[in-house]
Amino acid sequence: MSALGAVEAGTGSETGSGSGGAALFRPLGAEDGEQRPAEIESLCMKCHRNGVTRLLLTRVPFFRELIVSSFSCTACGWADAEIQPAGSIQERGVRYTLAVGSRQDMNREVVKTDCASARIPELDFEIPAFSQKGVLTTIEGIIDRAVMGLEQDQPVRRATDKEVASKIDEFIGKLKQLKEVHSPFTFIIDDPSGNSFVENPYAPQKDEALVVTHYKRTPQQAAMLGIEGEELDEKPADSVEDLRNEVLQFNTNCPECNAPANTNMKLVQIPHFKEVIIMATNCDSCGHRTNEVKSGGAIEPQGTRITLRITDPSDMTRDILKSETCSVEIPELEFELGMGALGGKFTTLEGLLKDIKDLVERNPFTLGDSSTPSKKEKLQEFVGRLQEIIEGKTKAHFIMDDPAGNSYLQNVYAPEEDPELQVERYERTFEQNEELGINDMRTEGYEAAADR
């Protein structure tokens, strides 16, 4: 069994849950009796006998998930410990600047990854990146580890260079005095990966002594993390144009039979509208086909209500982009299709009406064996009238209401006005903004708020 498999098995059995971050990663706390590490027998790199590695998957409050590991060998007594972030490298680096002013500050919890540096400007002291393994400790623990590292080679220095050894002893004394906090000092952790952390004991309130700064990585920092290829801000214009002309393909599973299938994705510019992303999946095993459309732009400042008066069979050939947030209404049929139904689609008016017809006919509670005779009769009448609209035998109004403003119905007279097509812009209601999740979204001053 792999190490991760052992952790999943051990953690899942103790928490009473299978997979999932909430079950695997529990808040760090001594009062949690069920929080136990998984133990794995592994080789000691000192004496080459078997020791025990303990892995604990935990969640630091107001931070993120971590993997805490420790190794101990009963044969030679060697022990080691480290932490690893359970997530990926963050979008931005982070810098924590703490004004240490009391003994309590020394007990603040600290997550320091291996790529983070720690500094104390008052002593001109720095622990460089990648000079230590990741650790979950306190500020006092960081200083203690630095003292231990400096004292480790002092006996050799005293024998070979007494002057250097004397200066290091003096510096060690200054570090030890910091733990008593006789005078304030500044403690800084700078992590380009964004995965380090210094505890705010007042969370979620602001900590006046702690300043958190999120910054954009430099090319040198990105290269140090091995992600320099992902740090390019702007793509050349020709590469963007190539993306528009290219059909991207990636592997996925068929939503019907779960067999391996391919999904094709293409960026398309709709004339007189905006860019959209079209994704289509074809399954060779069961023949299932599906397509989905995502808007390539942001939520518009206003909602859009599009009304088309269907007067001619040629109207069925109009292109339609229906986003996931768009609802559809046909007043003559007293029919309304809520947002989210049928998902996002780029098709024609005829194609969308046929999808609506299929949606009604496939439901066993409407026209199937589970429906009542009266309901079946009404829905059969509805399907018949809808088919007449599709065939151009009946005039009707087709209304699309998209609070996000990302839906589109083709104007066949463009750039002139279409006499049968009306496009209205309106201010969204509070409830519509709530459904779109933008009532609490901050687009201005969020960086300043994050630093507090």
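Here is a short report on the structure shown in this document. (Residues numbered from 1 in each chain as written. Predicted model: local features only at pLDDT ≥ 70, side-chain atom pairs only at ≥ 80, totals over all residues. Heavy atoms only, no water.)

## Section: the overall build of the chain
No. 1: A count of helical and extended segments in the chain gives 11 helices and 25 strands.
No. 2: Expressed as a percentage of the 452 residues in the chain, the buried residues total 36%.
No. 3: Sequence-distant contacts in the chain: of pairs separated by 6 or more residues, those separated by 24 or more amount to 60%.
No. 4: Surface summary for the chain: the accessible area is close to 26200 Å², and the carbon and sulfur share equals 49%. (Helix = DSSP H or I, 4+ residues; strand = E, 2+ residues; numbered from the N terminus. Buried < 20%, exposed > 50% of the residue type's maximum accessible area, 1.4 Å probe, protein only. Contact = heavy atoms within 4.5 Å. Areas by Shrake-Rupley, 256 points an atom, 1.4 Å probe, with all protein chains shown as cover.)

## As for the pattern of salt bridges
No. 1: Overall, the coordinates contain 16 salt bridges when judged by the stated rule.
No. 2: One salt bridge in this structure joins Asp-401 and Arg-305, with 3.5 Å as the shortest N-O distance. Within this pair, whereas Asp-401 is found in strand E23 (residues 396-402), its partner Arg-305 is found in strand E18 (residues 303-310), the two being separated by 96 residues in sequence.
No. 3: Note on Asp-401: relative accessible area 18%, which makes it buried.
No. 4: Arg-305 sits in the partly exposed class, given a relative accessible area of 25%.
No. 5: Here Glu-391 ties to Lys-393 by a salt bridge, and the two come within 3.0 Å at their closest N and O atoms.
No. 6: Overall, Glu-391 belongs to the partly exposed group, its relative accessible area being 38%.
No. 7: Classification of Lys-393 as exposed rests on a relative accessible area of 64%. (Salt bridge = Lys/Arg side-chain N within 4 Å of Asp/Glu carboxyl O.)

## Here's the deal with the state of the cysteines
No. 1: Tallied over the full model, the rule gives zero disulfides.
No. 2: In this model Cys-257 remains outside any disulfide bridge; the closest cysteine sulfur is found in Cys-283, 3.6 Å from its own.
No. 3: Relative accessible area serves as the criterion here: at 36%, Cys-257 is assigned to the partly exposed category. (Disulfide = S-S within 2.5 Å.)

## Examining the sheet that holds strand E6 (residues 93-100)
No. 1: Judged by pairing direction, the sheet is antiparallel, and its five strands sit side by side in the order E9-E8-E11-E6-E13 without closing on themselves. Here the strands that pair on one side only, and so sit at the sheet edges, are strand E9 (125-127) and strand E13 (210-215). Neighbour to neighbour, the strand axes of the sheet diverge by 15° on average, direction disregarded.
No. 2: Across six bridges, the pairing between E6 and E13 is antiparallel. Following the sheet pairing, Thr-97 is matched in E13 by Val-211. (Pairing = 2+ DSSP bridges. Axes fitted to C-alpha atoms, helices over the stretch in contact; angles between N-to-C directions.)

## Focus: the pairing of E6
No. 1: Judged from the seven bridges that link them, E6 and strand E11 (residues 185-191) form a sheet pairing that is antiparallel. When the bridges of E11 are listed, Ala-99 appears paired with Thr-186.

## Notes on the side chain of Thr-113
No. 1: With respect to the helices and strands, Thr-113 occurs in the loop between strand E7 (109-112) and strand E8 (117-120).
No. 2: The exposure class of Thr-113 is buried, given its relative accessible area of 3%.
No. 3: In terms of polar contacts, Thr-113 uses its side chain to reach the side chain of Asp-191, at 2.8 Å. (Polar contact = N/O pair within 3.5 Å; in protein donor to acceptor, adjacent residues only side chain to side chain.)

## Considerations on the nonpolar core
No. 1: The biggest cluster of nonpolar side chains holds 31 residues, and the ones touching the most others in it are Val-100, Leu-175, Phe-185 and Phe-187.
No. 2: When residues in this core are grouped by element, the largest group, five residues, is from helix H3 (residues 139-151).
No. 3: The residues touching Phe-187, leaving out its near neighbours within four places in the chain, are Tyr-96, Thr-97, Leu-98, Val-100, Ala-118, Arg-119, Ile-120, Ile-139 and Ile-142.
No. 4: Core analysis: the next-biggest nonpolar cluster, separate from the first, contains 27 residues, Ile-310, Val-328, Leu-333 and Leu-386 among them. (Core = buried A, V, L, I, M, F, W, Y, C linked by side-chain atoms within 4.5 Å.)

## Brief notes about the packing of H3 against helix H5 (residues 162-178)
No. 1: Where H3 contacts H5, the axes come no closer than 10 Å and their chain directions differ by 165°. In terms of axis orientation, H3 runs roughly antiparallel to H5. Crossing of H3 against H5: the hand is left-handed. Contacts between H3 and H5 involve Ile-143, Ala-146, Val-147, Leu-150 and Glu-151 from the first element and Ile-168, Phe-171, Ile-172, Leu-175, Lys-176 and Leu-178 from the second.
No. 2: For the contact of H3 with H5, the class distribution of residues is nine nonpolar, no polar and two charged. (Parallel < 35°, antiparallel > 145°, perpendicular 65-115°, else oblique. Left-handed = near helix turned anticlockwise from the far one by under 90°. Nonpolar A, V, L, I, M, F, W, Y, C, P; charged D, E, K, R; others polar.)

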